[in-house]
Amino acid sequence: MINLRNTFIAAAIAMTAFCANAQSRGDQFVKQADEALQAKEYVKARYCYLKAYEAYSGESNLDKAIPAAVNVAALYHSESYYKEAFEMLTGAEQQLSNFEKNSEKALPALHYPIARERQKMYIKLRKPDSARDHLERMATWAAAANDSSLNVDLLSAKANVYYTFGQTDKGDEAVNQLIAVYLSANDYDKANKCYKDLIDMAVKTGNVRLTARAYDKYVAWADSVAAVKADARYAALQKQYDEAQQAISDRDSSLTAKTAIIIGLIVLAAALAAGLIFVTIGMLRYMALSRRQKKQLPPRRSTTTSKTSL
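Parameters and conventions
Residues numbered from 1 in each chain as written. Predicted model: local features only at pLDDT ≥ 70, side-chain atom pairs only at ≥ 80, totals over all residues. Heavy atoms only, no water. Helix = DSSP H or I, 4+ residues; strand = E, 2+ residues; numbered from the N terminus. Buried < 20%, exposed > 50% of the residue type's maximum accessible area, 1.4 Å probe, protein only. Contact = heavy atoms within 4.5 Å. Areas by Shrake-Rupley, 256 points an atom, 1.4 Å probe, with all protein chains shown as cover. Phe/Tyr/Trp six-rings, centres within 6.5 Å; stacked < 30°, edge-to-face > 60°. Salt bridge = Lys/Arg side-chain N within 4 Å of Asp/Glu carboxyl O. Expected span 1.5 Å × (residues − 1). pLDDT = per-residue confidence, 0-100. Lys, Arg positive; Asp, Glu negative; His and termini not counted. Patch = residues over 30% accessible without salt bridge, like charges linked within 9 Å, V, L, I, M, F, W, Y side chains within 5 Å.

### What about the overall build of the protein?
Summing up its helical and strand segments, the protein has 11 helices and 0 strands in all. Along the protein, helices and strands appear, N-terminal first, in the series α-α-α-α-α-α-α-α-α-α-α. The buried share of the protein, taken over its 310 residues, is 28%. Excluding contacts between residues fewer than 6 apart, the proportion of contacts in the protein whose partners are at least 24 apart in sequence is 55%. Entry remark: accessible area of the protein is about 21000 Å², with carbon and sulfur atoms responsible for 58%.

### As for the packing of aromatic side chains
Tallied over the full model, the rule gives 2 aromatic pairs. Measuring from ring centre to ring centre gives 6.4 Å for tyrosine 76 and tyrosine 81, while their planes differ by 80 degrees; the resulting arrangement is edge-to-face. Given a relative accessible area of 38%, tyrosine 81 falls into the partly exposed group. Each ring, one from phenylalanine 86 and one from tyrosine 122, has its centre 5.5 Å from the other, and the planes form 40 degrees; the classification is tilted. Taken together, the residues phenylalanine 86 in helix α4 (residues 82-103) and tyrosine 122 in helix α5 (residues 108-124) connect sequence positions 36 residues apart. Note on tyrosine 122: relative accessible area 15%, which makes it buried.

### With respect to the pattern of salt bridges
It is possible for side chains bearing opposite charge to pair when their charged atoms get close. As enumerated under the stated definition, the model contains 9 salt bridges in all. Where lysine 51 meets glutamate 54, a salt bridge forms, and the shortest distance between an N and an O atom there is 3.3 Å. Of the two residues, lysine 51 and glutamate 54 are both situated in helix α2 (residues 42-58); the distance of 3 residues between them amounts to about one turn of the helix. Note on lysine 51: relative accessible area 27%, which makes it partly exposed. Residue aspartate 153 pairs with arginine 116 through a salt bridge whose shortest N-O separation is 2.8 Å.

### Some remarks on α2
With 17 residues, α2 should cover 24 Å at 1.5 Å per step; its first-to-last C-alpha distance of 24 Å lies within 8% of that length. For α2, every residue scored as buried is listed here: Ala45, Arg46, Cys48, Tyr49, Ala52, Tyr53, Ala55, Tyr56 and Ser57.

### Thoughts on the environment of lysine 190
Residue position: lysine 190 is located in helix α9 (residues 188-205). Separated by 12 residues in sequence, lysine 190 and leucine 178 have C-alpha atoms that sit 9.7 Å apart.

### Digging into the confidence of the model for the protein
Per-chain confidence: the protein averages 79 in pLDDT, with 75% of residues scoring 70 or above. The model gives residues 12-17 a pLDDT under 50, and that stretch makes 0 contacts with residues more than four places away or in other chains. Ignoring residues within four places in sequence, the model shows residues 303-310, a span with pLDDT below 50, making 0 contacts including any to other chains.

### Structural notes on the side chain of glutamate 100
You can see glutamate 100 is positioned in helix α4. No salt bridge is formed by the buried glutamate 100; the nearest opposite charge belongs to lysine 105, separated by 9.6 Å. Beyond its immediate chain neighbours, meaning those up to four positions away, glutamate 100 contacts Lys105, Ala106, Leu107, Pro108 and His111.

### Observations concerning helix α7 (residues 148-164)
Because an α-helix completes one turn every 3.6 residues, residues spaced three or four positions apart along the sequence face the same direction. Look at α7: 25 Å from first C-alpha to last across 17 residues, which is about the 24 Å you get at 1.5 Å a residue. Taken residue by residue, α7 has Leu150, Leu154, Leu155, Ala157, Ala159, Val161, Tyr162, Tyr163 and Thr164 as its buried positions. Glycine 166 sits one or two residues past α7 and shows a positive phi near 85 degrees.

### Concerning a nonpolar patch on the surface
Where nonpolar side chains cluster on the molecular surface, the patch consists of Ile261, Leu265, Leu268 and Leu272 and spans about 420 Å² of accessible area. Tracing the chain through its elements places leucine 265 in helix α10 (residues 208-296).

This is the structure we're talking about:
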């Protein structure tokens, strides 16, 4: 019985160690992939992301497996290996669908990056209908996930598709909404990057009209932001000035109150001193009067003198 129990414990420990090792291997591969990507070793990075995807998939850790698969696909189609990229995303989506079916749990936030990567490939392949179709799918996944970061990314994707395929007005609308989101959070850096990305995209596609439009919008936005920042600095300085004035006023009020208290104490002390002097004078007069009255009293006769006279 004891041996059976020890065997069970050993098996449980071994299983836990195996799971921890698989998890750590996935993380290690991702780390190696990130480092290779930084060093522009794209083949190595793709291989490491693929191994990370396999490790995470073995543990049904889809939160990490799907991003790894998307990275593999991105590195494939960056070298125009579109067939391999689509196959990678299809396999990842099939695994995700099977997991949702077995667990009876929907994971729309993980479907979104798969659709997003496909949409990027359709833009590169100049397939506007497929790109717009995936915009709709992305909007569905983003709404189901109820994730604000996905909604922001969706606006960026819309702007990219609309500008690329000549729907400038819709592109402007998407960019304006995106900028409004950034400005509402006072994130001027992201807004600035948004305009610069738009300009880069226009230059790369050779779209002269879009390039000029993007520059005009960026200059106008930069001027408006400069004015907003100046107003914000003025408001901050005004607030500091008002707070300083209030502090001075509070100190003045406090000083006035303290002065009034000191004057009151001085008056009270003077009144007490005057009262003390008055009482002292009265006592001295009483003592002097008592002495005079004592001197005016007749001297007392002694008993011996009275007997001799008799």
